[in-house]
Amino acid sequence: MCRLCDEGRPQDHGSQLGRRDFLKASTLAAAAAAGGGILAARPAAAHDGDAPPADSGRPGRRYVIRGGYVMTMDPSMPDHGEFSKADVLVEGKKILAVQPNIRAGGAGEIDATGRVVMPGFVDTHHHQFETALRSFLANGVLINDGSGSPSGTGTYFEYILLTFAPVYRPQDVYINEVFGGLSQLDAGVTTVHDVSQIHHSPQHSDAAIQALFDTGRRAAFGYFESAGANILGTNPGNQYPQDAPRIKKQWFSSSDQLVHMIMGGEVYLGDATTEQSWKIGRQLNLQIAAHILSPFGIRPIMDALAMGQGGSNHDIGIGPDNLFIHMTGMSDAAWQKVKDVGAQVSIAFPIEMNMRHGMPPLIRMQQMGMEPSLSVDVECTLTADFFTQMRSCMNLQRLVVNQMTLDSPNGNQNLPDPRNWELPQSAVTVPGSFPYWPTPPADIPAPLTTRDALRYATINGAKALRLDGKTGTLTPGKEADIILLDATALNVAPLNHVPNAVVSLMDRTNVETVIVAGKVRKWQGNLVGVDLNRLRRQLEDSRDYIFRAANVPQNLFRDF
Ligand SMILES: [Zn+2]
């Protein structure tokens, strides 16, 4: 029993470490005080009848989500898991049943009339520590290209990694993580892989983990390097990667909690670090994640890993425990190995298109019979909502496939040429009469559909994080990570097709109710019991400190 919960001030009981233990770390006291009790800021109760079911998510507590357009994303269920009107019965943190007309006695009810009921989105790669730097780098590419252009001058490597990241304190990590996490929760993203990459000391790591627990959404804590500071040598407290066993033991001894751990194993840090981080990760039975992209010179490194000859001892190989991010510009052999061992792939479509990672490799994956998960990467450049992810993914794939189809009578002789994909030059050489409208050749994937994009955004993400036994679909027995999307809204009505409306029309304003492990976290448009004004002030204070310490002037209209 919890007195505060009973008084209508719901507390987060997801933490395995008590807050008291956390406060013992003196360097973290400020972080805890700054963000502590984010769920206790004000009572959750609204007017009678408007309130969410009492004590949602607690053992034994039942409620029914009644009468929604239910899209379970599980085609093995009756009616392929798609119901034009059905109910979802939740008990404690789990889904008990999904079917029309559930009788549940005196269980609480959520009226889902006019709402799409579906699994929360799963983001497989997000640098939440960068939340205070939102939109700073919207024009920038990865590395300075010497062009002097706004994009080539203000770049990710120079500013985000080498300038801002090294000055982060544990309390900055904490508030950045919490605020970015709540923002995504508000947008219906109920699971994240946080590539925190800001581990200048064990206190930084603990602050990131505490923030993930306090945010109260499902998360994989990605234990990556001390970004930027590891290049500058300004991180005497750096314990990456050898602090991993301590972190796993202290925070992740139970699998029955919302947050678990993934080992960061960046291969661009050098063979010695690859050798160490991958071996530690495998000893701890953790997934091992890494950014893989040709602009960082990773293609030959990946080839060595594919042959089982990576690392300083030439004995590290790709396995089913790998999660590879981006995978732009890799060789046929490396891709074949990734497929053969069943490693996971995360594609950040909007970021890769914007920041010069290379062509997102979806067509290649489709031609090999593989599918990706989706990830948002960095909000210093682009938004972290999943409607943007799904639409960008569909638009990119369909742009390429449609152009390949139109150019196919020429043997695709004009493709691929990313500098010049206009129609006329190929159209004029095609024989035949109007209309110029070829049938797609058999070796070109079909244009992506909204169901494809939704699958990438939900169950594929859960699989990529080894969470598909818990989330990713509304299958009875799984935990209840559920979102309700308003299909009566001005930007959606009238509803004619559920998957199409979600992907092609909706945005975060349609995310009305969000449930994580049975617990209602957003209710009728507002996060429950979160003092956003207070948290925003703390984030702004953190932002001011970071810019000051990094000696970067704050200027709301400055371009590079
Ligand atoms: Zn990344």
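Residues numbered from 1 in each chain as written. Predicted model: local features only at pLDDT ≥ 70, side-chain atom pairs only at ≥ 80, totals over all residues. Heavy atoms only, no water.

Some details on the overall build of the chain
Filter applied, for reference: Each helix corresponds to a stretch of at least 4 residues labelled H or I by DSSP, and each strand to a stretch of at least 2 residues labelled E; elements are numbered beginning at the N terminus. Exposure classes here rest on a 1.4 Å probe applied to the protein chains alone. A residue is buried below 20% of its type maximum, exposed above 50%, and partly exposed in between. Any two residues whose heavy atoms approach within 4.5 Å are treated as being in contact. To measure how exposed things are, a 1.4 Å probe is used in the Shrake-Rupley method; for residues, cover is taken only from the protein chains shown.
Within the chain, the regular secondary structure consists of 20 helices and 17 strands. Expressed as a percentage of its 560 residues, the buried residues of the chain come to 56%. Nonlocal contacts in the chain, meaning residues at least 24 apart in sequence, comprise 75% of its contacts between residues at least 6 apart. Put simply, the chain shows about 22,600 Å² of open surface, and 52% of that area lies on carbon and sulfur atoms.

Brief notes about the confidence of the model for the chain
Selection rule: pLDDT gives the predictor's per-residue confidence on a scale running from 0 to 100.
Taken residue by residue, the chain gives an average pLDDT of 89. The fraction at 70 or more is 87%. In this model, residues 1–37 is a region of pLDDT below 50 whose contacts with residues beyond four sequence positions or in other chains number 67 contacts. Taken as a whole, residues 39–48 scores under 50 in pLDDT and shows 22 contacts with residues more than four places along the chain or in a different chain.

Structural notes on the packing of aromatic side chains
To be explicit about the condition: Working definition: a ring pair exists when centres of Phe, Tyr or Trp rings (six-membered ring for Trp) sit within 6.5 Å. Plane angles under 30 degrees give stacked, over 60 give edge-to-face, the rest tilted.
On inspection of all chains with the given rule, the structure shows 13 aromatic pairs. Summarising the aromatic geometry, the rings of Phe121 and Phe387 are spaced 5.6 Å apart at their centres and angled 80 degrees between planes, so their arrangement reads as edge-to-face. In this pair, Phe121 sits in strand S6 (residues 121–126) while Phe387 sits in helix H15 (residues 386–407), placing the two residues 266 residues apart along the sequence. Considered together, Phe121 and Phe387 belong to a single accessibility category, that of buried residues. When the ring of Phe213 is compared with that of Trp251, the centres are 5.9 Å apart and the planes differ by 25 degrees; the resulting orientation is stacked.

Examining the coordination of the zinc ion
For clarity, the threshold we go by: Water is not part of the atom set, so a site may look incomplete; the donors themselves are N, O and S atoms within 2.8 Å of the metal, or 3.2 Å for Na, K and Ca. Note on geometry labels: four donors, all angles 85 to 135 degrees, give tetrahedral; four donors become square planar and six octahedral when opposite donors are over 155 degrees apart and every other angle is between 65 and 115; remaining cases are irregular.
Ligation of the zinc ion by protein atoms is provided by His125 (NE2), His127 (NE2), His291 (NE2) and Asp377 (OD), these donors lying 2.0 to 2.5 Å from the ion. Around the zinc ion sit four donor atoms, and with donor-metal-donor angles ranging over 78 to 173 degrees the site reads as irregular. We note that the donor set of the zinc ion lies within a single chain, spaced as H-x1-H-x163-H-x85-D. Taken together, the positions of His127 in the loop between S6 and helix H4 (150–153) and Asp377 in the loop between strand S13 (373–374) and H15 put the pair 250 residues apart, joining distant regions of the chain.

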